[in-house]
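Descriptive structure summary
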Amino acid sequence: RHMCIRDRINANQEYTSKILDISGNDHVYTATITTEEINGQEVPVLSVINTVSGEKRSTETLEFHENRLKRYEYIRHNVNERSGVDILDGAIRIYKEYKGKTKTKTIALENPYLVGPLVTAYIQKHIEELKKGLKRDVLIIIPGHLRVLRFTLAKDIEKSTEKVLAVKLSAANIIVR
């Protein structure tokens with residue numbers, strides 16, 4: 001998986017892109033992402049994935065309060081599954097609703113914590129440190145699995161060039177690697 005990170009802010013924008021199948025030949029989904037400027041960064045606040053025929057597959061919504069993530073929700077429309085994260089005072093509440101059952105897990109709040117759509121913004125915020133070879137440890141919340149995993153972001157020395165910074169995301173847990 002590759003990400004393109006821009007060096008300028010185009011906040012309060014809506015982007016639409018085609019998602020191709022693994023061969024790269026067939027257009028299978030369309031992604032529409034809406035962003036806002038938060039703390040001087042372009043951050044996604046809504047992401048919708050539709051099939052080519054217009055059937056909604058997934059929706060990701062991020063809500064912020066005083067420039068901090070307060071709620072993240074991921075809906076998989078095709079299987080009627082809803083999962084997400086609520087940031088509470090000193091805790092993270094993770095939930096998953098599927099087939100009429102709700103499961104929750106609450107863990108202590110540790111910083112920095114991220115959900116999938118915020119990984120790119122986090123890399124942007126720390127890009128100069130990463131370019132210098134410094135590492136960043138983060139917690140990534142995986143609500144669909146009611147899990148929080150620790151990762152290290154670091155410059156991929158083998159794939160980085162003078163003009164391109166490749167960032168490696170390594171799981172702290174050897175089983176996840």
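A short tour of the structure in this document, coming up. Residue indices follow the written sequence of each chain, beginning from 1 at its first position. Two thresholds apply to this predicted model, a pLDDT of at least 70 for residue-level local features and 80 or more for giving and counting side-chain atom pairs, whereas whole-chain, interface and lining totals are computed over all residues. In computing side-chain values, all of the structure's heavy atoms are included and hydrogens and water are not.

Our next topic: the sheet that holds strand β10 (residues 136–142). Pairing between two strands requires that DSSP report at least two bridges joining them. Each helix is a run of DSSP H or I of at least 4 residues and each strand a run of E of at least 2, with the numbering of both proceeding from the N terminus. Across the sheet, 4 strands lie side by side as β9-β10-β11-β12; this open sheet has mixed pairing. Two strands bound the open sheet, and with one partner strand each, they are β9 (113–114) and β12 (167–171). Note that β10 and strand β11 (residues 147–155) share 7 bridges and pair antiparallel. Pairing of aspartate 137 across the sheet is with threonine 152, part of β11.

Turning next to the sheet that holds strand β4 (residues 56–65). Read across the open sheet, the 8 strands follow the order β1-β2-β3-β4-β5-β6-β7-β8; overall the sheet is antiparallel. At either end of the open sheet lies a strand with only one pairing partner, and these are β1 (14–20) and β8 (101–108). Averaged over all pairs of adjacent strands, the angle between strand axes in this sheet comes to 15 degrees, irrespective of strand direction. The pairing of strand β6 (residues 81–88) with strand β7 (residues 91–98) spans 8 bridges and is classified as antiparallel. By the bridge assignment, isoleucine 87 is partnered in β7 with isoleucine 92. To define axes, lines are fitted to C-alpha atoms, for helices over the stretch in contact only, and angles between the resulting N-to-C directions are given on a 0 to 180 degree scale.

Moving on to the pattern of salt bridges. We define a salt bridge as a contact between a side-chain nitrogen of Lys or Arg and a carboxyl oxygen of Asp or Glu at a distance within 4 Å. One pass over the full model with this rule turns up 11 salt bridges. The closest approach of N and O atoms between arginine 76 and glutamate 81, which form a salt bridge, is 3.5 Å. Relative accessibility under 20% of the residue-type maximum defines a buried residue, over 50% an exposed one, and the middle range a partly exposed one, all with a 1.4 Å probe and only protein chains included. Residue classification places glutamate 81 among the buried positions, given a relative accessible area of 7%. Glutamate 97 is paired through a salt bridge with arginine 82; the nearest N and O atoms lie 3.8 Å apart. With glutamate 97 in strand β7 and arginine 82 in strand β6, this pair connects stretches of sequence that are 15 residues apart. For arginine 82, a relative accessible area of 32% translates into the label partly exposed. What emerges from the salt-bridge pattern is a single network uniting Arg71, Glu73, Arg82, Asp86, Arg93 and Glu97.

With that settled, consider unusual backbone geometry. Look at the link from asparagine 111 to proline 112: it is a cis peptide, with omega at -10 degrees. Position of proline 112 among the secondary structure elements: in the loop between β8 and β9. Positioned with a positive phi, glutamate 66 is a non-glycine residue whose angle comes to about 50 degrees. Looking at where glutamate 66 falls in the secondary structure, it is placed in the loop between β4 and β5 (68–76).

By secondary structure assignment, the location of threonine 35 is in strand β2 (residues 27–38). Threonine 35 sits in the buried class, given a relative accessible area of 5%. A distance of 3.1 Å separates polar atoms of two side chains, one belonging to threonine 35 and the other to glutamate 42. Polar contacts here mean pairs of N or O atoms no more than 3.5 Å apart (in protein, one a potential hydrogen donor and the other a potential acceptor; neighbouring residues in sequence count only if both atoms are side-chain atoms).

Right, let's get into the pairing of β10. Of the pairings in the sheet, the one linking β9 to β10 comprises 2 bridges and is parallel in character. In the strand pairing of β10, leucine 114 is matched with isoleucine 140. Remark: 4 residues form the turn of the hairpin made by β10 and β11, two consecutive strands paired antiparallel; leucine 146 in that turn has positive phi of roughly 50 degrees.

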